[in-house]
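So the chains spell out like this:
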Amino acid sequence: MPHTTTTTMTVRLSGALSEFVASNVGEHGAYETTSEYLRDLIRRDKERVEREAFDRLKAELARAFAAPEDSYRPLTAAEVIARNQG
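Predicted model, so just to flag it, every value in this text is computed and none were measured.

Caption draft 1: Structural detail: the overall build of the chain. Along its length, the chain carries three helices and zero strands. The secondary structure elements of the chain, listed N-terminal to C-terminal, are α-α-α. With respect to the three principal axes, the spread of C-alpha positions in the chain is 65 × 30 × 25 Å. Within the chain, the fraction of its 86 residues that count as buried is 7%. Carbon and sulfur atoms form 57% of the exposed surface of the chain, whose accessible area is close to 8,200 Å². A gap of 4 Å separates the mean positions of the 12 positive and 14 negative side-chain charges of the chain.

Listed below in structure tokens is the structure:
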């Protein structure tokens, strides 16, 4: 199992945000602790970012495969890397 690093963070919330978190944690909430709730939110956001990146890749591939074959041109690996860095 890979070694994981644990980071302790302090988050300050007030007003409506604090009340919203409190309503989702504890006896009547979906989460036992604030930490559990925040970890779940971060995991979901990470999954969203990864899904969006994958969707962009799928869209780019769909456009590439829909293009007429005579529009293709050979590229070197360096050209592809340079194009994707810009």
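Caption draft 2: The arrangement of the side chain of Asp40 in detail. With respect to the helices, strands and loops of the structure, Asp40 is situated in helix α2 (residues 34-66). Of note is the side chain of Asp40, whose polar atom sits 2.4 Å from the side chain of Tyr31.

Caption draft 3: Layout of the pattern of salt bridges. Applying the stated criterion across every chain, the model contains five salt bridges. The partner of Glu50 in a salt bridge is Lys46, and the shortest N-O contact between them spans 2.6 Å. Linking Glu50 with Lys46, this pair stays in helix α2, spanning four residues, or about one helical turn. Under the relative-accessibility criterion, Glu50 is labelled partly exposed at 44%. It is possible to trace a salt-bridge network through shared partners that takes in Asp45, Arg48 and Glu52.

The rules behind these values
Residues numbered from 1 in each chain as written. Predicted model: local features only at pLDDT ≥ 70, side-chain atom pairs only at ≥ 80, totals over all residues. Heavy atoms only, no water. Helix = DSSP H or I, 4+ residues; strand = E, 2+ residues; numbered from the N terminus. Buried < 20%, exposed > 50% of the residue type's maximum accessible area, 1.4 Å probe, protein only. Areas by Shrake-Rupley, 256 points an atom, 1.4 Å probe, with all protein chains shown as cover. Lys, Arg positive; Asp, Glu negative; His and termini not counted. Charge placed at Lys NZ, Arg CZ, Asp CG, Glu CD. Polar contact = N/O pair within 3.5 Å; in protein donor to acceptor, adjacent residues only side chain to side chain. Salt bridge = Lys/Arg side-chain N within 4 Å of Asp/Glu carboxyl O.

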